[in-house]
Amino acid sequence: MTRIIAHVDMDAFFASVEERDHPWMRGEPIVVGADPEGGKGRGVVSTANYAARIYGIHSAMPITEAWRRSEAAKKRCEPAVLFLGGNMSRYKEVSDSIMDIMHRYGDVVEQTSIDEAYIDLSFTGSFKKAQEVAEKIKKEIQTTEELTASVGIGPNKMIAKIASDMHKPDGLTVVLPDDVITFLRPLPVRKIPGVGPKAAERLLERGVRTIGELEILSESELVGMFGKWGRTLLWRAIGEDDSPLETEHETKSIGEQVTFTEDTNESSVIFFAVRSLAGDVIRRLNSKGFKGFHTVTVTIRFADFETHTHSQTTEKMITTVDELEVLAIKLITPFLDRRKNPEHKLIRLVGVRAEKLVEGE
Ligand code: TTP
Ligand code: MG
């Protein structure tokens, strides 16, 4: 069976979460990273949004350099950069929610960083169907989190990852098996995983800039330059990669969430949703071989995107849909009345998550 792998990578992740949560920041250049301390700061840029990338600012750049570029922009009467320290626990929450979405579309998901994951879509049977699934994942990320992701689809992880980067932001790039070689040829050698700045430099000395140009060198020349890895490089240059997806060895939590088609504060609508989410969580829990869990976490997102999570840990193991439902409703109810929602905000999303999982015999 042909493999069909998709790679999902969030666009300007930390910065996009900040823009979403703070509407006044939208469209402004934003850097999340170390404190610039007026140009004397230490540390680096974690991420820059696209408006800041126009100033040449990028991940891993010293924060002082980003500051200098912002000052230069001010002199040109362009907007100064907003420097933010970031909120890791918030990004982690959003990341978990995105991973929950992906788990809904396939059983084999490998998360490789806070904002990216592979999903095996071979089961769909065709690249066309896989593309439809990818479109659904993108759409669900958009409606649930109001964020964009870029997706690449290919016959293996390497091609999927390179493809997801091709049409950022909000891209969807499909590379069919027959097109792999033409797809790779014009790309710089740095696109091959494992080719860092030093290897790229040494290849450039031999006149090799693109993946296609690796043809200039024989296998023995490459092995002479890079040892055994030279052979791997040749395989990668023609798009071969049989590395499997490494799914989490340890599932730490299982969560489900729903975005209402219309924001609501109808308790009947919300409780009905909670019951259905509780059922989904227990089903997934059992299918993964767990018999129960000890912590319930609920997420409530108001119409203005203000988001709250609330947890409770029980001594007695929770095993049934009914038990989970009762606890989740108890945790959610204060957000429907004066206690935690004095302004009577409408609710956009609810989520239910099981943590501290207990494995079955
Ligand atoms: P990336 O996916 O590499 O970058 P990105 O999502 O910001 O931008 P792109 O649209 O190009 O994908 O990394 C994801 C997050 O990880 C990023 O928002 C911040 C964090 N990060 C760091 O903290 N340090 C780093 O050096 C990099 C590269 C990322
Ligand atoms: Mg990203």
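Check the entry above for the structure.
Residues numbered from 1 in each chain as written. Chains lettered and ligands numbered in written order. Predicted model: local features only at pLDDT ≥ 70, side-chain atom pairs only at ≥ 80, totals over all residues. Heavy atoms only, no water.

Let us look at the packing of aromatic side chains. This model, assessed by the stated rule, comprises five aromatic pairs. Measuring from ring centre to ring centre gives 5.7 Å for Trp67 and Phe83, while their planes differ by 40 degrees; the resulting arrangement is tilted. One end of the pair, Trp67, is in helix α3 (residues 63-75); the other, Phe83, is in strand β4 (residues 82-84), and 16 residues separate them in sequence. Judged by its relative accessible area of 24%, Trp67 falls in the partly exposed class. Among the aromatic residues, ring-to-ring pairing joins Phe13, Phe14 and Tyr91 into one connected group. Its end group placed over the ring of Tyr50, Arg53 keeps NZ or CZ at 4.4 Å from the ring centre. (Phe/Tyr/Trp six-rings, centres within 6.5 Å; stacked < 30°, edge-to-face > 60°. Helix = DSSP H or I, 4+ residues; strand = E, 2+ residues; numbered from the N terminus. Buried < 20%, exposed > 50% of the residue type's maximum accessible area, 1.4 Å probe, protein only. Lys NZ or Arg CZ within 6 Å of the ring centre and 35° of its normal.)

A separate point is the coordination of the magnesium ion (ligand 2). Tetrahedral coordination by four donors sets the ideal angle at the metal to 109.5 degrees; octahedral coordination by six donors sets it to 90 or 180 degrees. Within the protein, the magnesium ion (ligand 2) binds to Asp9 (OD), Met10 (O) and Asp115 (OD); these donor distances fall in the range 2.0 to 2.2 Å. Angles of 82 to 178 degrees at the metal separate the six donor atoms of the magnesium ion (ligand 2), which places the site in the octahedral class. (Donors = N, O, S within 2.8 Å, 3.2 Å for Na, K, Ca; no water. Tetrahedral: all angles 85-135°; square planar, octahedral: opposite > 155°, others 65-115°.)

With that out of the way, let us pick up the sheet that holds strand β9 (residues 253-264). One open sheet holds the four strands; their spatial order is β9-β12-β10-β11, and the pairing between them is antiparallel. In this open sheet, the two edge strands, each paired with only one partner strand, are β9 and β11 (307-318). In this sheet, neighbouring strand axes are inclined to one another by 15 degrees on average, regardless of whether the strands run parallel or antiparallel. Examined bridge by bridge, strand β10 (residues 290-302) and strand β12 (residues 347-359) share 11 bridges and lie antiparallel to one another. Across the sheet, Phe290 pairs through a bridge with Glu359, a residue of β12. Contacting β9, β10, β11 and β12, helix α4 (residues 88-105) crosses the sheet at an angle of about 90 degrees to β9. Here helix α11 (residues 267-287) sits on the sheet and contacts β9, β10 and β12; the angle it forms with β9, its principal contact strand, is near 155 degrees. (Pairing = 2+ DSSP bridges. Axes fitted to C-alpha atoms, helices over the stretch in contact; angles between N-to-C directions. Contact = heavy atoms within 4.5 Å.)

Moving on to unusual backbone geometry. Across the junction of Lys168 and Pro169, the peptide omega takes the value -10 degrees, indicating a cis bond. Inspection of the secondary structure puts Pro169 in the loop between α6 (157-164) and β8 (172-174). Notably, Ala60 is not glycine yet its phi reads approximately 75 degrees, a positive angle. With respect to the secondary-structure elements, Ala60 resides in the loop between α2 (50-53) and α3. Judged by its relative accessible area of 55%, Ala60 falls in the exposed class.

Let's shift gears to the packing of helix α9 (residues 219-226) against helix α10 (residues 229-237). Interaxial distance between α9 and α10 falls to 7 Å at its minimum, and their mutual angle equals 130 degrees. Between α9 and α10, the crossing angle belongs to the class labelled oblique. From α9, Glu219, Leu222, Val223 and Phe226 reach across to α10, where they touch Trp229, Gly230, Arg231, Leu233 and Leu234. The residue inventory of the contact of α9 with α10, partitioned by class, reads six nonpolar, one polar and two charged. (Parallel < 35°, antiparallel > 145°, perpendicular 65-115°, else oblique. Nonpolar A, V, L, I, M, F, W, Y, C, P; charged D, E, K, R; others polar.)

What follows covers the sheet that holds strand β6 (residues 116-120). Within the open sheet, the five strands sit side by side as β5-β6-β1-β7-β8. Their pairing is mixed. The open sheet has two edge strands with one neighbour each: β5 (109-113) and β8. With strand direction ignored, the average angle separating the axes of adjacent strands in the sheet is 15 degrees. As judged from the five bridges shared by strand β1 (residues 5-10) and β6, these two strands associate in the antiparallel manner. Bridge assignment links Ile5 to a residue of β6, and that residue is Asp120. Across the face of the sheet, helix α5 (residues 127-145) comes into contact with β1, β6, β7 (149-154) and β8 while running at roughly 165 degrees to β7.

The next subject is the pairing of β12. Sheet analysis places β9 next to β12, joined by eight bridges and oriented antiparallel. What sits directly across from Ser253, in β12, is Glu355.

Our focus in this paragraph is helix α1 (residues 13-21). Burial of α1 is extensive: eight of the nine residues sit out of reach of the surface. Turning to α1, its buried residues number three or more, namely Phe13, Phe14, Ala15, Ser16, Val17, Glu18, Glu19 and Arg20.

Bear in mind that shape data such as this cannot, by itself, settle questions of function.
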